[in-house]
Amino acid sequence: MTRIYVLHENDEWTVRLTQELEALELPYEVWHLAAGSMSLDANPPEGVFFSRMSASAHTRGHRYSPEFTMGLLSWLEAHGRVVVNGTRALQLEISKVQQYLALQRAGIRTPRTVAVLGRDALLAAAASFAPAPFITKHNRAGKGLGVQLFHSLDALREYLYGPLYDPPADGIWLLQEYIRAPEPYIIRCEFVGGRFLYAVRVDTSQGFELCPADACQIGDMFCPVGEDARVRPKFEILDSFDPDVIRSYERFLEANGVRVAGIESIVDERGVRYTYDINTNTNYNSQAEQVAGKNGMRAVALYLGGLLARAYPDAVTSALPTA
Ligand SMILES: Nc1ncnc2c1ncn2[C@@H]1O[C@H](COP(=O)(O)OP(=O)(O)O)[C@@H](O)[C@H]1O
Ligand SMILES: [Mg+2]
């Protein structure tokens with residue numbers, strides 16, 4: 001049967017979407033790609049395919065799911081299927097190097113970054129950042145993997161050759177200039193169907209202030225799925241956001257065939273905005289959405305339903321609301 005196919009490797013991040021698809025009475029099927037197979041001589045089923053493959057799949061024991069999904073999406077695209085967040089989106093998802101090159105190409109400012117293979121090469125590259133503080137992060141990341149703030153080369157050396165060393169999944173480290181925000185927050189802009197949905201302000205004070213030593217592990221703190229019970233909400237949806245920035249992001253997404261994404265940026269003391277993370281497997285914070293009366297997953301379900309209705313009018317029997 002013709003339907004919406006959701007490709008992913010994490011049930012926890014998929015349930016809100018399937019709830020919305022059910023509420024809209026849309027036909028769907030979930031492909032959990034911890035394992036899978038595809039017959040290259042056969043035609044894929046008819047339908048709309050939405051990839052939610054994640055850069056952090058390896059942290060859930062699914063080290064090769066992104067690679068398999070890349071093949072699967074290529075197969076679907078080769079057969080002309082409707083694919084939302086296809087091979088190009090996945091390329092960006094699993095490599096910040098690809099993200100930054102694509103952002104720069106779209107005229108969007110990124111932090112000064114050096115990509116490095118090898119620990120000694122990382123130390124050598126870091127020498128050019130000293131004495132200013134710098135950030136390290138994994139090229140294939142998500143969930144803040146490998147994101148640490150260092151104030152000295154010695155601290156970096158200690159970490160790299162110490163017991164806490166955690167190598168990146170693809171071996172590639174990024175060394176990045178530290179953007180010091182006057183207030184501790186970042187902005188994440190959400191897009192569905194390539195169009196701006198809302199901007200959410202994410203409080204980052206805990207991330208750096210809890211730092212007990214030179215090296216500051218950020219860990220899962222920036223994953224918007226986590227709930228936080230502090231007085232001030234960690235996630236706050238803004239009433240409005242800079243229209244020029246929104247337009248530049250929409251153009252970037254269009255140029256790269258990305259339909260659903262969350263784009264993160266920081267503004268420094270001089271008011272200069274740096275864009276440093278594209279999440280094509282985006283999650284929405286339900287507390288913040290409740291306060292603001294927004295529903296990201298509903299918007300995604302409606303978007304997928306609209307695509308299904310357009311490509312296969314007979315597949316959709318329910319009347320979809322317009323917003
Ligand atoms: N260059 C930077 N300067 C200051 N803070 C940063 C920088 N890069 C990342 N951060 C902080 O670390 C968090 C995680 O980094 P990010 O690049 O988004 O990695 P991930 O893809 O794992 O989410 C960001 O949300 C931000 O708060
Ligand atoms: Mg991020």
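Keep in mind that what you see is a predicted model, and the values were worked out from it rather than measured.

Rules and cut-offs
- Residues numbered from 1 in each chain as written.
- Chains lettered and ligands numbered in written order.
- Predicted model: local features only at pLDDT ≥ 70, side-chain atom pairs only at ≥ 80, totals over all residues.
- Heavy atoms only, no water.
- Helix = DSSP H or I, 4+ residues; strand = E, 2+ residues; numbered from the N terminus.
- Rg over C-alpha atoms; globule rule 2.2 N^0.38 Å.
- Buried < 20%, exposed > 50% of the residue type's maximum accessible area, 1.4 Å probe, protein only.
- Contact = heavy atoms within 4.5 Å.
- Areas by Shrake-Rupley, 256 points an atom, 1.4 Å probe, with all protein chains shown as cover.
- Lys, Arg positive; Asp, Glu negative; His and termini not counted.
- Charge placed at Lys NZ, Arg CZ, Asp CG, Glu CD.
- Donors = N, O, S within 2.8 Å, 3.2 Å for Na, K, Ca; no water.
- Pairing = 2+ DSSP bridges.
- Axes fitted to C-alpha atoms, helices over the stretch in contact; angles between N-to-C directions.
- 1 Å grid on protein atoms, 1.4 Å probe; cavity = no way out; pocket = protein on both sides within 12 Å on 5 of 7 lines; lining within 4 Å.
- Points joined across faces, edges and corners; volume = space filled by probe spheres on them.
- Nonpolar A, V, L, I, M, F, W, Y, C, P; charged D, E, K, R; others polar.
- Near = heavy atom within 4 Å.
- Polar contact = N/O pair within 3.5 Å; in protein donor to acceptor, adjacent residues only side chain to side chain.
- Arc of directions from axis to C-beta.
- Right-handed = clockwise from strand over helix to strand, strands pointing away.
- Salt bridge = Lys/Arg side-chain N within 4 Å of Asp/Glu carboxyl O.

Enquirer: Outline the overall build of the protein chain, listing residues and values.
Expert: Counting its secondary structure elements, the protein chain contains 10 helices and 14 strands. On C-alpha atoms alone, the protein chain measures out to a radius of gyration of 20 Å, which is about the 20 Å that the 2.2 N^0.38 rule sets for 323 residues. Overall size of the protein chain, expressed as C-alpha extent along the three principal axes, is 65 × 45 × 35 Å. Counting only residues that meet the buried cut, the protein chain has 52% of its 323 residues in that class. The long-range share in the protein chain, meaning contacts at least 24 apart out of those at least 6 apart in sequence, stands at 70%. As displayed, the protein chain offers around 14700 Å² of accessible surface, 51% of which is attributable to carbon and sulfur atoms. Each charge class in the protein chain can be summarised by its mean position, and for the 31 positive and 38 negative side chains these summaries are 4 Å apart.

Enquirer: For the coordination of the magnesium ion (ligand 2), give the residues involved together with the corresponding values.
Expert: Any two of four tetrahedral donors ideally make an angle of 109.5 degrees at the metal, while pairs among six octahedral donors ideally make 90 or 180 degrees. The coordination sphere of the magnesium ion (ligand 2), as far as protein atoms go, consists of Glu264 (OE) and Asp277 (OD), spread over 2.1 to 2.4 Å. Linking Glu264 in strand β13 (residues 260-267) with Asp277 in strand β14 (residues 273-279), this pair joins segments that are 13 residues apart in sequence. Given the relative accessible area of 7%, Glu264 is considered buried.

Enquirer: Quick rundown of the sheet that holds β14? Include the residues and the values.
Expert: In spatial order, the strands read β12-β10-β9-β13-β14; together these 5 strands make up an open sheet with antiparallel pairing. Strands with a single pairing partner mark the edges of an open sheet, and in this sheet they are β12 (235-237) and β14. Between one strand axis and the next, the sheet turns through 25 degrees on average, direction left out of account. Across 6 bridges, the pairing between strand β9 (residues 185-192) and β13 is antiparallel. By the bridge assignment, Arg188 is partnered in β13 with Glu264.

Enquirer: Would you mind going over empty space enclosed by the protein in detail, with residue names and values included?
Expert: Here the structure, examined in full by the defined rule, presents 2 cavities of 30 Å³ or more. By volume, the largest cavity amounts to about 50 Å³. For the largest cavity, the lining is made up of 11 residues, of which Tyr198, Val200, Asn283, Tyr284 and Asn285 are closest to its centre. Only β9, β10 (195-203) and β12 provide two or more residues apiece to the lining of the largest cavity. Residues of the lining of the largest cavity, tallied by class, amount to 7 nonpolar, 2 polar and 2 charged.

Enquirer: Provide a residue-level description of the site of ligand 1, including the pertinent values.
Expert: Surrounding ligand 1, one finds 21 residues, the nearest of these being Lys96, Lys137, Gly144, Glu177 and Ile179. Between ligand 1 and the protein, one listed contact pairs an oxygen atom with a side-chain N or O atom of Lys96 at 2.5 Å. At 2.9 Å from an oxygen atom of ligand 1 is found a side-chain nitrogen or oxygen belonging to Asp277. Burial of ligand 1 by the surrounding chains reaches 97%, relative to a free accessible area of 550 Å².

Enquirer: Would you mind going over helix α6 (residues 153-160) in detail, with residue names and values included?
Expert: All of the buried residues in α6 are Ala155, Leu156, Tyr159 and Leu160. Along the axis of α6, the buried residues cluster in a sector spanning 130 degrees; they form a single face. In this structure, the buried side of α6 is in contact with α5 (119-127), β6 (134-138), β7 (148-150) and β8 (172-177).

Enquirer: Which residues make up the sheet that holds strand β4 (residues 82-84), and what values do they have?
Expert: Strand order in the open sheet formed by 4 strands is β2-β1-β3-β4, and the pairing between neighbours is parallel. At either end of the open sheet lies a strand with only one pairing partner, and these are β2 (28-32) and β4. On average, each strand axis in the sheet is tilted by 20 degrees relative to the strand beside it, whichever way the strands run.

Enquirer: Provide a residue-level description of the environment of Glu183, including the pertinent values.
Expert: Mapped onto the elements, Glu183 comes out in the loop between β8 and β9. Placed 86 residues apart in sequence, Glu183 and Glu269 show a C-alpha to C-alpha distance of 8.8 Å. A polar contact is formed between the side chain of Glu183 and the side chain of Arg201, at a distance of 3.4 Å.

Enquirer: Give me the pairing of strand β3 (residues 47-51): which residues, what numbers.
Expert: Of all 5 residues that make up β3, 5 are buried, and the element is covered over most of its length. Examined bridge by bridge, strand β1 (residues 3-8) and β3 share 5 bridges and lie parallel to one another. Residue pairing for β3: Tyr5 is matched across the bridge by Phe49. Relative to β4, β3 runs parallel, the two being bridged by 3 bridges. Opposite Phe50, over in β4, you have Val84 as the bridge partner. Considered for its hand, the β-α-β crossover made up of β3, helix α2 (residues 65-78) and β4 is right-handed.

Enquirer: Break down the pairing of β2 for me, citing the residues and quoting the values.
Expert: Bridging between β1 and β2 involves 5 bridges; their strand directions are parallel. Among the inter-strand pairings, Val6 is bridged to a residue of β2, identified as Val30. Note that the unit made of β1, helix α1 (residues 15-23) and β2 has a crossover that is right-handed.

Enquirer: Tell me what's going on with the pattern of salt bridges, and back it up with residues and numbers.
Expert: Tallying each qualifying case throughout the model produces 16 salt bridges. Note that Arg3 and Glu29 form a salt bridge whose closest N and O atoms lie 2.5 Å from each other. Here Glu29 lies in strand β2 and Arg3 lies in strand β1, a separation of 26 residues in the sequence. When the shortest N-O distance is used, the salt bridge between Arg259 and Glu254 registers 3.7 Å. Connected through shared salt-bridge partners, Arg63, Glu67 and Arg140 make up one network.

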